[in-house]
Structures are given as C-alpha cells and as structure tokens.
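Below, each chain spelled out in residue letters.
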Protein chains: 2
Amino acid sequence: MPHPKLIIIGTIALDNISTPSGTVKDALGGSAVFASYAASFFTKPGIVSVVGKDMPKAHLKLLRERGIDLQGLQHVKNSFRWGGSYQGDMNEATTEFTEVAPLLQFKADLPEEYRDAAYVLLANIDPELQLKVIAQLRKPKFIALDTMNLWIDTRKEQLMKAIRQADALIINDGEARQLFNTSFIRHAAEKAMKLGLKYIIIKKGDNGCFMFSRNKAFATQGYPLRVLKDPTGCGDSFAGSIMGYLAMKGNTDENTIRKGIIYGSVIASYNAQDFSLNQLKRLNQRLIEKRYRIFLDMRHFGH
Amino acid sequence: MPHPKLIIIGTIALDNISTPSGTVKDALGGSAVFASYAASFFTKPGIVSVVGKDMPKAHLKLLRERGIDLQGLQHVKNSFRWGGSYQGDMNEATTEFTEVAPLLQFKADLPEEYRDAAYVLLANIDPELQLKVIAQLRKPKFIALDTMNLWIDTRKEQLMKAIRQADALIINDGEARQLFNTSFIRHAAEKAMKLGLKYIIIKKGDNGCFMFSRNKAFATQGYPLRVLKDPTGCGDSFAGSIMGYLAMKGNTDENTIRKGIIYGSVIASYNAQDFSLNQLKRLNQRLIEKRYRIFLDMRHFGH
C-alpha cells in the first residue's frame, strides 16, 4: 500500500444545501471530502474519516478515482449529515440541521501507513479527534488545523491544546476575532504566534485572506466571480489545496506556502461556481493554471 | 499664479464624529479636504469648494501649508457640516445630521487657471456640480469621479451623465452593486465599461479594493491595522492619492494607476489611525514608502 505524504482528517457528509441559485439533497460534502479532492490536484492524500452504509458507492468511487486513499475510513451505519442555507451574505451558512451520531462513534484511528505522514491537515472536526490524530503521528513535518465557531464555543480547551501542537492555523476572520478576543486580525495573529504557531491563515470568504507569520504578512483578494452558486466547501478546498501543494513540493518555506495560498484561492473560487463537487469535477491543470495566471496579473504592478 | 495639474472638487466640512475610540467636534473634514491633503504628498492640487466664515483659519492654513491652492474656494456664511457615527461595521458611517445650505449656494466656478488642468478628481458631491466642473474644462486628460449612495438615490440621471464623461469611477462595492443592479462586482465592472469608462475602482473598506479595466483586473487587500480610530475620509484620501500620483507621474497607463492604488491604500490606512487629519498631518515620505514596501512584500510570492 502507498504511504500518503498528506493525510486529512475531517468529515464525509451528505449535505442538503439551499442557496439563492437552487437546492441540492444528499449531495457529497464534508470537510475531508472538499479538502482531499482539492489536494488531489497536487498529491494523493489519505482520508481519515467515518462513513455510513447509506453513502452512495458512486461518491466514494469519485474520491478513489482521484487517487485519494480511503483505508483510513471507519465504516458505520449512518453517514454524517448536514443541512445548511445561504441568504444574503454568501460567506456564512445557516445550519438547518446536523446528524452527528456517526461523529460520536468515530475513533480516528490511523492506519499504520498513515502514521509516518509528513503533512497533516486537521480539517474542521471535533478538536478531541484532531488531538487523537496528532498523538498517533511519528514524524509530522507540517500540521495545519482548521476549525469553526462551534468548537470555539464548546471545546475551547481541547482546541487550544491542538492549536499549540500545530504549525499553521487556518480560520475564518470572525472566528479568529472570537478565538483571540480582539477586533483586529493583526492582534489575533500576534496572539497566535505566542501560542507557538508559525503561521495563521485568516480566511475572509470572497474578500480573500491574510497569512501572518512572525514578522511578515501576505494577502490576497478572492477571485472576482461572475457566478456564485454554493460556497460550501470553499474553506476546506482552500486548506486542502495549500496542504496538497506543500506535500507535492516537499517544502514548507513561507514562499511555498504563499504560492499554495494562491492555488487554494484558485480552487476555492472554482468550487463556489457550482453545488457540491460539481465544479471541482470539471477542473483540470489547464484551468487551474489559467486562473493562477490571472491571480498573478491581478497582483502585478511592475515594481 | 501656478496652474495646478490636479484640481479636486468636493466638500470642506466641519465634522462631528463618534466612533468606538472617541468623539470629535467641529473637526476639519470633507471630501475635498481629505482628497487634496492626500494628493499633496505627490503634487500641489487646487481645490474647488465652498467654505463658511465659521471655518477656523488654522484649518485653511493647514491646507495652504501643504501647497494646496485655495483660489477655487467660494466663501459663504456657514460651512457644510456633517455628523456621523460608526458602530460595529467600521466600513459604514451612520449620518447623524447634515447642514447642506452652503452646498446649495455653491456655484462650482473654476478659476481661469484651473480650466487647463489635466487631472480632475470629482470627489463626492452633487453630480450636478460635477457636471458643471466638467463643462468648464478645456483639455482634461484624466477625470475620476467618486460618488455615494445618496446621489444614486436622488440624482441618478445627472450622475450617469457625469460618469459617461469620466475616465474612472471610484465607488464603494455596495454602491457599485446598487448603481449597476447586480450582486457581482464583476458584472458592475462590465456594465461600467459599456458606459465608456476606462476604469472602475471598487472600494471595499478595510477589505481593500479591485480595479477593473476592459480586459484586466487588479486587486489589493487593505493594510492590516493594529489601530483603527476613525475611517472618515479613507475613501477620499485613497482617491486623492491616486490622482496626485498620476498627476506627479504625468501618466495614466494602467500600471501607473495600479501603483497609485497601492499608494492610495497606504495613505488611506494611515488616515484611519486617528481622527480628522491628525494622522495625515504626521505623515511623511519615509512613512509612506515604508508601508508601500510592506504592501509589496504582502503581495510577493517569488513568481
């Protein structure tokens, strides 16, 4: 069996989603799905997740065909399900329902082949499970951790413990303000550095993102889309792209992460153009490089 | 008398402002003030505006000492006054009161020396007055027009007429969506090009800005501040910086405008650090270039 360079822990979900552009039912979703699919443009990641017997075989086949390793899947009766809707501010979903029982059964045991992974993305999931994964790693080179307001509200202590063991925190701007109790992302970044993080990547939805390290800041706008159907999974595909790119390059210097952030912005912007994985399924290297070059030009001013 | 390369029409105001950081009363403000002060770091602009006898002499002296030409001022009894407050979203002011009588007396007559100006900033003011200025110009090279939701609501026809005669429209993202009746700034930009504009610069407050031309997009984030006391005048100082930079360079190619936008972002970010013109008064070339270089590094990823 191959030893994936990048492993991703997160959810595999069946999503019901409603946006001004339409609705989908039982669509493939979840943080590990978007993140690993995005990462698969750069490397062959392994997923650590839990999945129910109700998950259509075609969904798992789709992932397998992208070279995503599924031996880290734990099989249970029902899949995690999430219902969400977007109105007005497309950067924030309203949760309509969640069926979390499968996540409570999830043990987050790593297959033997995953314990030597150098790159680890702890995608959005209970920090308790993120900590379990960290404890099983033998020689991680770069651990990135994503989270959400739910865990800040309900699992702050475990979340902080997990963050202290990560290299990079990937978080929404509102959540960064909440977690670090400040109005200014600059202060949030300074507090993040004091926890021992090397990087904090602050996502601002279609307003782009910032990355702060100890002495530097990096920033990009989002791609100005003509169509935005469903932002679900944009944050996950952004994080997955960055980690896939780092794993491909075998390098975690700041400049490589900056390039990864641009690839992440490219792939996340495509993701928003259609529901579920529909747009990522149409994506290829040529389209990715095309939009990457537009990002280059959007930033250039002949200095 | 000198012939200013750049003239700026807009307001000179006495502002009462309240933000989470404090309040000021009778502070120097107005679109022409912030724009011309910012432009004065690059060129010696002339102002076309109306001012009351109640305006403290020190305020006008401050402008004169920056090399700003005041022969385009019309003197009336009372100054334009604006009261505004910011809560929560610092990108949007709530207007508490306006005293607009002076603006109704304002004739917007250009001194003879101003009619040959190559660079013209029609800062935020009644579009009727912007049109009057345009009609007096002999050989404008580059006209930029700023506006606000009030004029979209109450003077749409005159505003559209003025926009059709401008080279660049500088506008907030919410106002761009309102003016062009779309959710997507990309669509707004396409509609702007159809009106004959060469550029539309869409301001997103502390989320930075986009510039669109016929075939290209340019984008930057705002500077990540540690302190934000009062955003009043940020949009005006941004526009004034761009136009001052173009006038200094004597050039309106797209790359020069892109650099001007970065200078505008630098100066607007400083402006937000204190009330009224307090921070701009402390500014110098060294501080401007220092933050400009940070913007360069924030954008760089070794491509």
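Residues numbered from 1 in each chain as written. Chains lettered and ligands numbered in written order. Predicted model: local features only at pLDDT ≥ 70, side-chain atom pairs only at ≥ 80, totals over all residues. Heavy atoms only, no water.

Some remarks on the overall build of chain A
- Scanning chain A for helices and strands turns up 12 helices and 13 strands.
- Against the globule reference of 19 Å for 303 residues, chain A gives a C-alpha radius of gyration of 18 Å, in line with a compact fold.
- The C-alpha extent of chain A, read off along each of the three principal axes, is 55 × 40 × 40 Å.
- For chain A, the exposed surface amounts to about 11900 Å²; the carbon and sulfur share of it is 49%. (Helix = DSSP H or I, 4+ residues; strand = E, 2+ residues; numbered from the N terminus. Rg over C-alpha atoms; globule rule 2.2 N^0.38 Å. Areas by Shrake-Rupley, 256 points an atom, 1.4 Å probe, with all protein chains shown as cover.)

A look at the environment of Ile152(A)
Residues and elements named next belong to chain A.
- Position of Ile-152 relative to the elements: it lies in helix H5 (residues 149–154).
- On the basis of relative accessibility, which here comes to 6%, the residue Ile-152 falls in the buried class.
- Placed 27 residues apart in sequence, Ile-152 and Leu-179 show a C-alpha to C-alpha distance of 6.4 Å.
- Residues contacting Ile-152, with those up to four places away along its chain left out, are Leu-159, Glu-175, Gln-178 and Leu-179. (Buried < 20%, exposed > 50% of the residue type's maximum accessible area, 1.4 Å probe, protein only. Contact = heavy atoms within 4.5 Å.)

Considering unusual backbone geometry
Residue and element names in this part refer to chain B.
- In the Ramachandran plot, Asp-26 falls in the positive-phi region, its phi being about 50° despite a non-glycine side chain.
- Mapped onto the secondary structure, Asp-26 falls in strand E3 (residues 22–29).
- Residues other than glycine seldom take positive phi values, yet Asn-181 does so here, at roughly 55°.
- Within the secondary structure, Asn-181 is located in the loop between helix H7 (173–180) and helix H8 (185–194).

A word on the packing of aromatic side chains
- Counted according to the given criterion, the structure contains 20 aromatic pairs over all chains.
- Plain terms: the ring middles of Phe42(B) and Tyr263(B) are 5.4 Å apart, the flat faces sit at 70° to each other, and that makes the pair edge-to-face. Here the residue Phe42(B) occupies a position in the loop between helix H1 (31–39) and strand E4 (46–52), and Tyr263(B) occupies one in helix H10 (residues 254–271), the gap between them amounting to 221 residues. Tyr263(B) matches Phe42(B) in its accessibility class, with the two residues each being buried.
- Each residue in the set Phe42(A), Phe218(A), Tyr245(A), Tyr263(A), Tyr292(A) and Phe301(B) is aromatic and connected to the rest through ring pairs, giving one cluster. (Phe/Tyr/Trp six-rings, centres within 6.5 Å; stacked < 30°, edge-to-face > 60°.)

With respect to the relation of the copies chain A and chain B
- Superposing chain A onto chain B takes a rotation of 180° combined with a translation of 0.0 Å along the rotation axis, leaving an RMSD of 0.0 Å. Here the two chains are linked by the operation of a two-fold rotation axis.
- A high fraction, 100%, of the interface residues of chain A reappear at the interface in chain B, so the copies pair face to face through one surface. (Least-squares fit on C-alpha atoms with pLDDT ≥ 70 in both.)

Focus on the sheet that holds strand E2 (residues 13–19) of chain B
Residue and element names in this part refer to chain B.
- The strand order E3-E2-E6-E7 describes an open sheet built from four strands, whose pairing is mixed. Only two strands of the sheet have a single partner each, and these edge strands are E3 and strand E7 (94–99). Going across the sheet, the axis of each strand differs from the next one's by a mean of 15°, ignoring polarity.
- Across five bridges, strand E6 (residues 80–85) lies against E7 in antiparallel orientation. (Pairing = 2+ DSSP bridges. Axes fitted to C-alpha atoms, helices over the stretch in contact; angles between N-to-C directions.)

Considerations on H8(B)
Residue and element names in this part refer to chain B.
- All of the buried residues in H8 are Ile-185, Arg-186, Ala-188, Ala-189, Ala-192 and Met-193. Buried residues of H8, viewed axially, fall in a sector of 160°; they line one side.
- Where H8 ends, the next residue or the one after it, Gly-196, has phi of about 100°, a positive value. (Arc of directions from axis to C-beta.)

Considerations on the pattern of salt bridges
- Following the criterion strictly, the structure yields 28 salt bridges over all chains and no others.
- In this structure, Asp297(A) and Arg258(B) form a salt bridge, with 3.5 Å as the shortest nitrogen-oxygen distance. Taken together, the positions of Asp297(A) in helix H12 (residues 285–299) and Arg258(B) in helix H10 put the pair across two chains.
- Relative accessible area serves as the criterion here: at 24%, Asp297(A) is assigned to the partly exposed category.
- Residue Arg258(B) is classed as buried on the basis of its relative accessible area of 3%.
- Members of the salt-bridge network, linked through shared partners, are Lys216(A), Glu254(A), Arg258(A) and Asp297(B). (Salt bridge = Lys/Arg side-chain N within 4 Å of Asp/Glu carboxyl O.)

Some details on the interface of chain A and chain B
- Listed as interface residues are 37 residues of chain A and, on the opposing side, 37 residues of chain B.
- For the pair chain A and chain B, the summed buried area comes to about 3200 Å², and 49% of that belongs to carbon and sulfur atoms.
- Taken together, the links from chain A to chain B amount to six salt bridges.
- For the interface between chain A and chain B, the tally reads 25 residue pairs in polar contact (both at pLDDT 80 or more).
- When contributions to the side of chain A that touches chain B are tallied by element, the ones reaching two or more residues are helix H8 (185–194), strand E12 (209–212), strand E13 (217–220), helix H10 (254–271) and H12 of chain A. (Buried area = accessible area lost by both parts, 1.4 Å probe. Polar contact = N/O pair within 3.5 Å; in protein donor to acceptor, adjacent residues only side chain to side chain.)

Here we look at the packing of H10(A) against H12(A)
Residues and elements named next belong to chain A.
- Remark: H10 packs on H12, axes separated minimally by 9 Å, with the N-to-C direction vectors making an angle of 115°. The way H10 lies across H12 gives a crossing that is right-handed. Residues Lys-259, Ile-262, Tyr-263, Ser-265, Val-266, Ile-267, Ser-269 and Tyr-270 of H10 pack against Leu-287, Ile-288, Glu-289, Arg-291, Tyr-292, Phe-295 and Arg-299 of H12. (Left-handed = near helix turned anticlockwise from the far one by under 90°.)

Structural notes on the pairing of strand E6 (residues 80–85) of chain A
- Of all the six residues making up E6(A), six are buried; the element is thus mostly covered by neighbouring parts of the structure.
- The alternating pattern of E6(A) places Phe80(A), Trp82(A) and Gly84(A) on one face and Arg81(A), Gly83(A) and Ser85(A) on the opposite face, and all of these are buried.

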